[in-house]
2 protein chains.
Amino acid sequence: MTRSICIAVDAMSGDYGAQVLVPGVLDQLKINRELRVILVGRESVLRPCLENIPAELASRVSFQEASQLVAMDEDPRTALRKKKDSSMRVAINLVRDGLADACVSAGNTGALMATARFVLRTLPGIDRPAIIATIPAIGGNTHMLDVGANSHCTAEQLFQFGVMGSVVSADIHELKSPRVGLLNIGVEAIKGTEIIREAGRMLSGSNLNYIGFIEANDIFTGHVDVVVSDGFSGNVALKTLEGAARMISSYMRAEFTRTLFSRIQGLVALPALKAFRKRTDPRRYNGASMVGLNGIVVKSHGSADRIAFGNAIQIALVECQQGVPIQISKLLEQQAI
Amino acid sequence: MTRSICIAVDAMSGDYGAQVLVPGVLDQLKINRELRVILVGRESVLRPCLENIPAELASRVSFQEASQLVAMDEDPRTALRKKKDSSMRVAINLVRDGLADACVSAGNTGALMATARFVLRTLPGIDRPAIIATIPAIGGNTHMLDVGANSHCTAEQLFQFGVMGSVVSADIHELKSPRVGLLNIGVEAIKGTEIIREAGRMLSGSNLNYIGFIEANDIFTGHVDVVVSDGFSGNVALKTLEGAARMISSYMRAEFTRTLFSRIQGLVALPALKAFRKRTDPRRYNGASMVGLNGIVVKSHGSADRIAFGNAIQIALVECQQGVPIQISKLLEQQAI
């Protein structure tokens, strides 16, 4: 029998709150029979969202009361100090106390990172946790980290990101030896800052499958599995992709509605365009893991809809099944750095 | 009568050399009657590319011999020291000596920047030149700088980029007051590094039309005209866009060839897709100005084809007509920083 996995869900946060998040949870409960969830928040708000659901699903849902909510624009330090009974904090506490295997939140990224780091602490040998995002690439996906937690990173931290990214990429894609690239502004050894060059030397000396510097266009070619960068550049790359995809969609819509003839073309092309849109749907890539912590924390986009939030839960589930934090510690121990 | 403008063209560099560059030059000579060019390189190589052209065009082309070529992967310092008779260096010398109004090169970016900086020097009040790229956005274009010359920048340099970007954006788009945004990983005042926050304070205190921090997805929304960033982040954003656009094209091709039915859909949709591709064609955006120098230098992509290289010449021509370096000095003087 499969071991049941329990995920604590911060069910109050995000742009839309419980009305959108709870249906996303229910979708995942239907698909994954081994999944149990603890909905964290105001039970008086959450319970009505579960009305009329089958008894079998209801039996795998429990509640944990939390009276506060961290605002999406709240300063992380304020949230950490003053919101000790927030849905986010209580969900993370459940992981720390061994009552949940992972937690998922669509809340304020900075507050989630600060709280998770404070409550769960980092793994031995990891200086700073990182946020790892899954990005579509030709023929598959690329994992990129950090995408926003650490604006400035040391060479050691970048090296640790390489280790953490290798584990997540291997566990989610079942790759034996993921190819790790270091984001730079050229592939020659003289390019970039001294920190990046030093991180490159450390990665070269490791037993990771390090392929050298890559440029941002390489993220999408399918030639690299893990892209290591500081949180500033990683965030710039991720948001550029979002913005470019939105612009290109808008161009395509405009092209297919410009004239009556192009409207007809658009109608004929519709099924292929829909298939294309499905393949590049950012909701499919929702769910960024916060790695390097003593526990599994997955961040959903604040504006996630039901499908996107469900995908974030799916990612947390896979990480639980694979035991990502233990795998990271093991791989880190194997490095002779 | 329109004043004639003379552009020195490094006609030997780039991935394809004279065979591609000279036809790009001829296209522009046909369109722009006020344009004259000096082709710099081996006359024995260049002259055959001009065979059978109309006498009127030939009368606006002259040659300047240069015996050396900077390799695309050559170290900029070596190029500067040992290639004093390179086509790139000689073209820049022509600008310094007032024999050309601008120079255009598809050569090694680092070597072009180092040589231009050494030969032309920066404008008074400008610490470092920057590379400014034109990026497609919904409803128009965005100008981004720096996209690769300076990995690390001070707050003062970022501020100067704001001034230079305002001038180029105003001159090329004829905008009265271009909106300047500072690239960050969030729009709140606490986000980013201390350097970025300080640059934000300097821009706020200037008489530029500064709209605050922007995130990388905002580059494409049409809500900002000038995006200021250091050369590392700017390069990451530019190359992410390139890579994402290529991936999306590849997806679309795959969608429209997956089955016989989707091939037929693709055929019907072809005219609209072609129009879309034309609108997003990166060749239309080729030509990145090196701003902040005592002279006009435009860098073409190394892999530019005839159309793309012609576009780089077009950009140099407009900058000559507008007198971009003088405009930068004027706007800089108006700042009370």
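Residues numbered from 1 in each chain as written. Chains lettered and ligands numbered in written order. Predicted model: local features only at pLDDT ≥ 70, side-chain atom pairs only at ≥ 80, totals over all residues. Heavy atoms only, no water.

1. Some words on helix α11 (residues 306-322) of chain A
Residue and element names in this part refer to chain A.
Right, so step 1: The end-to-end C-alpha distance of α11 is 25 Å, a good match for the 24 Å that 17 residues give at a rise of 1.5 Å each.
Right, so step 2: What α11 keeps buried is the set Ala308, Phe309, Gly310, Asn311, Ala312, Ile313, Ile315, Ala316, Leu317, Glu319 and Cys320.
Right, so step 3: Two to three positions downstream of the cap, the backbone nitrogen of Ile307 sits 3.2 Å from a side-chain oxygen, assigning the N-cap of α11 to Asp305.
Right, so step 4: Gly323 sits one or two residues past α11 and shows a positive phi near 65°. (Helix = DSSP H or I, 4+ residues; strand = E, 2+ residues; numbered from the N terminus. Expected span 1.5 Å × (residues − 1). Buried < 20%, exposed > 50% of the residue type's maximum accessible area, 1.4 Å probe, protein only. Polar contact = N/O pair within 3.5 Å; in protein donor to acceptor, adjacent residues only side chain to side chain.)

2. Concerning the relation of the copies chain A and chain B
Right, so step 1: The two copies are related by a screw motion: chain A maps onto chain B through a turn of 180° and a shift of 0.0 Å along the axis, at an RMSD of 0.0 Å. The symmetry that links the two subunits is that of a two-fold axis.
Right, so step 2: Interface overlap between copies is the fraction of interface residues in one copy that are interface residues in the other; for chain A against chain B it reaches 100%, indicating a shared surface. (Least-squares fit on C-alpha atoms with pLDDT ≥ 70 in both. Contact = heavy atoms within 4.5 Å.)

3. As for the pattern of salt bridges
Right, so step 1: With the rule as written, the count across this model stands at 30 salt bridges over all chains.
Right, so step 2: Note that Arg42(B) is salt-bridged to Glu65(B), the shortest N-O span being 3.3 Å. With Arg42(B) in the loop between β2 (35-41) and α2 (43-46) and Glu65(B) in strand β3 (residues 61-65), this pair connects stretches of sequence that are 23 residues apart.
Right, so step 3: On the basis of relative accessible area, Arg42(B) is assigned to the partly exposed category, the value being 35%.
Right, so step 4: Judged by relative accessible area, which is 38%, Glu65(B) ranks as partly exposed.
Right, so step 5: Bridged by salt links that share partners, the residues Glu194(A), Arg197(A), Glu198(A) and Arg201(A) form one connected network. (Salt bridge = Lys/Arg side-chain N within 4 Å of Asp/Glu carboxyl O.)

4. What about the sheet that holds strand β6 (residues 140-145) of chain A?
The pairing of strands in a sheet happens through backbone hydrogen bonds and is either parallel or antiparallel.
All names here are of chain A.
Right, so step 1: Here 11 strands make up an open sheet; going across it, the order is β3-β2-β1-β4-β11-β10-β5-β6-β9-β7-β8 and the pairing mixed. Only two strands of the sheet have a single partner each, and these edge strands are β3 (61-65) and β8 (209-214). Neighbour-to-neighbour, the strand axes of the sheet open up by a mean angle of 25°, direction not taken into account.
Right, so step 2: In this structure, strand β1 (residues 5-10) lies alongside strand β2 (residues 35-41), joined through 6 bridges in parallel fashion. Paired with Cys6 across the two strands is Arg36, which belongs to β2. (Pairing = 2+ DSSP bridges. Axes fitted to C-alpha atoms, helices over the stretch in contact; angles between N-to-C directions.)

5. Notes on the interface of chain A and chain B
Right, so step 1: On the side of chain B, 52 residues touch chain A, which itself brings 52 residues to the contact.
Right, so step 2: Overall, the association of chain A and chain B removes approximately 4700 Å² of surface from exposure, summing both partners, and the carbon and sulfur fraction of that is 73%.
Right, so step 3: Per-residue buried area on chain A facing chain B is highest for Ile185(A), Phe232(A) and Tyr251(A); these three make up 15% of the total on that side.
Right, so step 4: Linking chain A with chain B are 2 salt bridges.
Right, so step 5: The salt bridge partner of Glu215(A) is Lys239(B), with a shortest N-O separation of 2.2 Å.
Right, so step 6: Where chain A packs against chain B, one counts 4 residue pairs in polar contact (both at pLDDT 80 or more). (Buried area = accessible area lost by both parts, 1.4 Å probe.)

6. Digging into the nonpolar core
Right, so step 1: Within the largest apolar cluster, 152 residues are counted, with the highest numbers of intra-cluster contacts made by Ile219(A) and Ile219(B).
Right, so step 2: Ile219(B) has contacts with Thr240(A), Ile135(B), Ala137(B), Thr142(B), Met144(B), Ile214(B), Val224(B), Val227(B) and Ala237(B), leaving out every residue within four places of it along the chain. (Core = buried A, V, L, I, M, F, W, Y, C linked by side-chain atoms within 4.5 Å.)

7. Examining unusual backbone geometry
Residues and elements named next belong to chain A.
Right, so step 1: Omega for the bond connecting Leu145 with Asp146 falls within 30 degrees of zero, at 0°, which places this linkage in the cis form.
Right, so step 2: Along the chain, the position of Asp146 falls in the loop between β6 and α7 (155-173).
Right, so step 3: Of note, the phi angle at Asn52 is positive, near 65°, even though the residue is not glycine.
Right, so step 4: Positionally, Asn52 belongs in the loop between α2 (43-46) and α3 (55-58).
Right, so step 5: Residues other than glycine seldom take positive phi values, yet Arg121 does so here, at roughly 65°.
Right, so step 6: With respect to the helices and strands, the residue Arg121 is situated in the loop between α6 (109-120) and β5 (130-137).

8. Here we look at the sheet that holds strand β6 (residues 140-145) of chain B
Residues and elements named next belong to chain B.
Right, so step 1: Ordered by their spatial adjacency, 11 strands build an open sheet running β3-β2-β1-β4-β11-β10-β5-β6-β9-β7-β8, and the pairing between neighbours is mixed. The open sheet has two edge strands with one neighbour each: β3 and β8 (209-214). Mean inter-strand twist for the sheet, computed between neighbouring axes without regard to direction, equals 25°.
Right, so step 2: As paired strands, strand β5 (residues 130-137) and β6 are joined by 6 bridges and run antiparallel to one another. Within β6, the residue paired with Ile132 across the bridge is Leu145.
Right, so step 3: The sheet strands contacting helix α5 (residues 87-96) are β1 (5-10), β2, β3, β4 (102-105) and β11 (296-299), and the helix crosses β2 at an angle near 140°.
Right, so step 4: Strands in contact with helix α9 (residues 231-255) are β5, β6 and β7 (179-183); relative to β5, the strand with the most contacts, it is inclined by about 35°.

9. Quick word on α6(A)
Residues and elements named next belong to chain A.
Right, so step 1: Relative to the 16 Å expected for 12 residues at 1.5 Å per residue, α6 spans 16 Å between its end C-alpha atoms, a close match to the ideal helical length.
Right, so step 2: Of the positions making up α6, those classed as buried are Ala111, Leu112, Met113, Thr115, Ala116, Val119 and Leu120.
Right, so step 3: The inward-facing, buried residues of α6 contact α4 (76-82), α5 (87-96), β4 (102-105), β5, β10 (288-291) and β11 (296-299).
Right, so step 4: One side-chain oxygen of the residue at the start of α6 lies 3.1 Å from the amide nitrogen of Gly110, identifying that residue as Asn108.
Right, so step 5: Of the residues one or two after α6, Arg121 is the one with positive phi, at around 65°.

10. Thoughts on the pairing of β7(B)
Residues and elements named next belong to chain B.
Right, so step 1: Of all 5 residues making up β7, 4 are buried, and the element is well covered by its neighbours.
Right, so step 2: Once you follow β7 into helix α8 (residues 194-204) and on to β8, the crossover reads as right-handed.
Right, so step 3: Of the pairings in the sheet, the one linking β7 to strand β9 (residues 226-228) comprises 3 bridges and is parallel in character. Its bridge partner lying in β9, Val180 is registered against Val226. (Right-handed = clockwise from strand over helix to strand, strands pointing away.)

11. Examining the environment of Glu319(B)
Right, so step 1: Structurally, the position occupied by Glu319(B) is in helix α11 (residues 306-322).
Right, so step 2: In this structure the C-alpha to C-alpha distance between Glu319(B) and Asp101(B), which are 218 residues apart in sequence, comes to 9.5 Å.

12. Regarding the environment of Gly98(A)
Residue and element names in this part refer to chain A.
Right, so step 1: Locating Gly98 in the fold gives a position in the loop between α5 and β4.
Right, so step 2: Owing to a relative accessible area of 60%, Gly98 belongs among the exposed residues under this scheme.
Right, so step 3: C-alpha separation for the pair Gly98 and Ala308, spaced 210 residues apart in sequence, amounts to 26 Å.

13. Section: the packing of helix α9 (residues 231-255) of chain A against α9(B)
Right, so step 1: Between α9(A) and α9(B), the shortest axis-to-axis distance is 8 Å and the interhelical angle comes to 40°. If you check the angle between α9(A) and α9(B), you find them oblique. For the pair α9(A) and α9(B), the sense of crossing is right-handed. The residues of α9(B) that touch α9(A), namely those facing Phe232(A), Ser233(A), Val236(A), Ala237(A), Thr240(A), Leu241(A), Ala244(A), Ala245(A), Met247(A), Ile248(A) and Met252(A), are Phe232(B), Ser233(B), Val236(B), Ala237(B), Thr240(B), Leu241(B), Ala244(B), Ala245(B), Met247(B), Ile248(B) and Met252(B).
Right, so step 2: Its residues assigned to classes, the contact of α9(A) with α9(B) comprises 18 nonpolar, 4 polar and no charged. (Parallel < 35°, antiparallel > 145°, perpendicular 65-115°, else oblique. Left-handed = near helix turned anticlockwise from the far one by under 90°. Nonpolar A, V, L, I, M, F, W, Y, C, P; charged D, E, K, R; others polar.)

14. Notes on the side chain of Arg60(B)
Right, so step 1: As for its placement among the helices and strands, Arg60(B) is situated in the loop between α3 (55-58) and β3.
Right, so step 2: When residues no more than four places from it in sequence are discounted, the contact partners of Arg60(B) are Leu29(B), Asn32(B), Arg33(B), Leu35(B), Arg36(B) and Val37(B).

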